[in-house]
Amino acid sequence: MHDDSLPNVSTNASPTHAACPHAAAPANDGLPADASRRRVLQWSALLVAAGWLRLPLEAAASQAGAVTAVPLQAVRLKPSLFLESLQTNRRYLLELEPDRLLHNFLHYAGLPAKGPVYGGWEGDTIAGHTLGHYLSALSKMYAQTGDEALRTRVDYIVTELARAQAQDSSGYVGGLTRKNDAGQIEAGKQVFEDLRGGVINASAFSLNGSWSPLYTVHKLFAGLLDAQALAGNAQALQVLQPLAGYLAGIFDGLSQTQMQALLDSEFGGLNESYLELGARTGEHRWVAIGQRLRHDKVIGPAQSGKDALPHHHANTRCRSSSVPRGSSKWPAMWMPLLPRNSSGRRSPTTTAM
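A brief structural summary.

Conventions and cut-offs
- Residues numbered from 1 in each chain as written.
- Predicted model: local features only at pLDDT ≥ 70, side-chain atom pairs only at ≥ 80, totals over all residues.
- Heavy atoms only, no water.
- Helix = DSSP H or I, 4+ residues; strand = E, 2+ residues; numbered from the N terminus.
- Contact = heavy atoms within 4.5 Å.
- Polar contact = N/O pair within 3.5 Å; in protein donor to acceptor, adjacent residues only side chain to side chain.
- Expected span 1.5 Å × (residues − 1).
- Buried < 20%, exposed > 50% of the residue type's maximum accessible area, 1.4 Å probe, protein only.
- Phe/Tyr/Trp six-rings, centres within 6.5 Å; stacked < 30°, edge-to-face > 60°.
- Lys NZ or Arg CZ within 6 Å of the ring centre and 35° of its normal.
- Axes fitted to C-alpha atoms, helices over the stretch in contact; angles between N-to-C directions.
- Parallel < 35°, antiparallel > 145°, perpendicular 65-115°, else oblique.
- Left-handed = near helix turned anticlockwise from the far one by under 90°.
- Nonpolar A, V, L, I, M, F, W, Y, C, P; charged D, E, K, R; others polar.

This next bit is on the environment of Glu 186. Of note, Glu 186 is situated in strand S4 (residues 185-187). In this structure, the C-alpha to C-alpha distance between Glu 186 and Leu 176, residues 10 residues apart in sequence, is 9.1 Å. With sequence-adjacent residues up to four places away left out, Glu 186 is seen in contact with Tyr 108, Thr 177, Arg 178 and Asn 180. Within the structure, the side chain of Glu 186 is placed 2.7 Å from the side chain of Arg 178, a separation counted as a polar contact.

As structure tokens, this is what we get:
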């Protein structure tokens, strides 16, 4: 789908750049020129991946007010490998069946499911996380293409979630499950009700008999936030806020020691989502909960200038320190771990070779 009123990103142009006549010939350290270039590119890729080398545009983007991100809605790809990849993703998203991803949400709300549950992880106690991913993917693809079939799916899923949520006056809605002491699969809400009672059996990827339930909840949070921001679905926040309130009520009853024990179990970017919800609604309550989801075991050493990140799960730890969207302030607790620039100051945009 192409809209002439929007800027285009052409990916099939290959401009030729003339060599600078005053550029010094690069040293090759005794290696053939192509091998030397390969080594430079390999090291550069590693440094970029590690975060120690920033490309010029990326470095500029990190300067407050210098660059504004271009919305997905404002860009359309021209014929290219990139467009083919996007179209492949779109076809796959439309092949998936929303009713199968919604199975557990309806079933555990006491409503008839409209399709059989998918297998794999959706057949385990981490069930329900895929729907959150799917909501995000549909919303982003809609923003990239303007394809109404994608937004129709977003709207349908959010409506079905609202229908399931209406069956529970607490505001809870979810598709995750857990294994009880008898080894039987049951509704995942009991994980959180046990938390309310002070029961916290947490390990890296398990909490009260369920596989990473806070991670699963975060995926639903993120999917609903994306549905609202990228697909224009206002009902998404109407579903999210009661769910956020249900969990907040449980967190409010936990001591600081209990919260830290809870955070030993994978929680994804749940802190980030609460901060984002606070930024969108202007309600400080959500920000306060996001700040309570602060894992001292990781953040504390960073504040002291110690790197405690090795051997931790990056999918969680990369979000252990979050700031609300729109803030240009680099989290101060990470500053001691950043490289120094030429002036001796620590900076996330330092170029290091």
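On to the environment of Ala 248. Structurally, Ala 248 can be placed in helix H10 (residues 235-252). Sequence separation between Ala 248 and Tyr 274 is 26 residues; the distance between their C-alpha atoms is 9.6 Å. Excluding anything up to four places from it in sequence, Ala 248 contacts Tyr 274, Arg 285, Trp 286 and Ile 289.

Turning to helix H12 (residues 270-281), a few remarks are in order. The first and last C-alpha atoms of H12 sit 16 Å apart over 12 residues, in line with the 16 Å expected at 1.5 Å per residue. Of all the residues in H12, the buried ones are Leu 270, Asn 271, Ser 273, Tyr 274, Leu 275, Glu 276, Leu 277 and Gly 278. Positive backbone phi, approximately 75°, marks Gly 282, located one or two places after H12.

Within the structure shown, the criterion is met by six aromatic pairs. Considering the side-chain rings of Tyr 274 and Trp 286, the 6.1 Å spacing of their centres and the 40° angle between planes classify their relative orientation as tilted. Of the two residues, Tyr 274 sits in helix H12 while Trp 286 sits in helix H13 (residues 284-292), which places them 12 residues apart along the sequence. The buried category is assigned to Tyr 274, whose relative accessible area is 0%. Trp 286 gets classed as buried once you look at its relative accessible area, which sits at 3%. One cation-aromatic arrangement involves Arg 100 over Tyr 118; the distance from NZ or CZ to the ring centre is 4.0 Å.

Packing of helix H8 (residues 189-196) against H10 leaves a shortest axis separation of 8 Å and a crossing angle of 30°. Viewed along their axes, H8 and H10 adopt a mutual orientation that is roughly parallel. Judged by the twist between their axes, the crossing of H8 over H10 is left-handed. Here Lys 189, Phe 192, Glu 193, Leu 195 and Arg 196 of H8 come into contact with H10, specifically with Tyr 246, Leu 247, Gly 249 and Ile 250. The residue makeup of the contact of H8 with H10, split by class, is five nonpolar, one polar and three charged.

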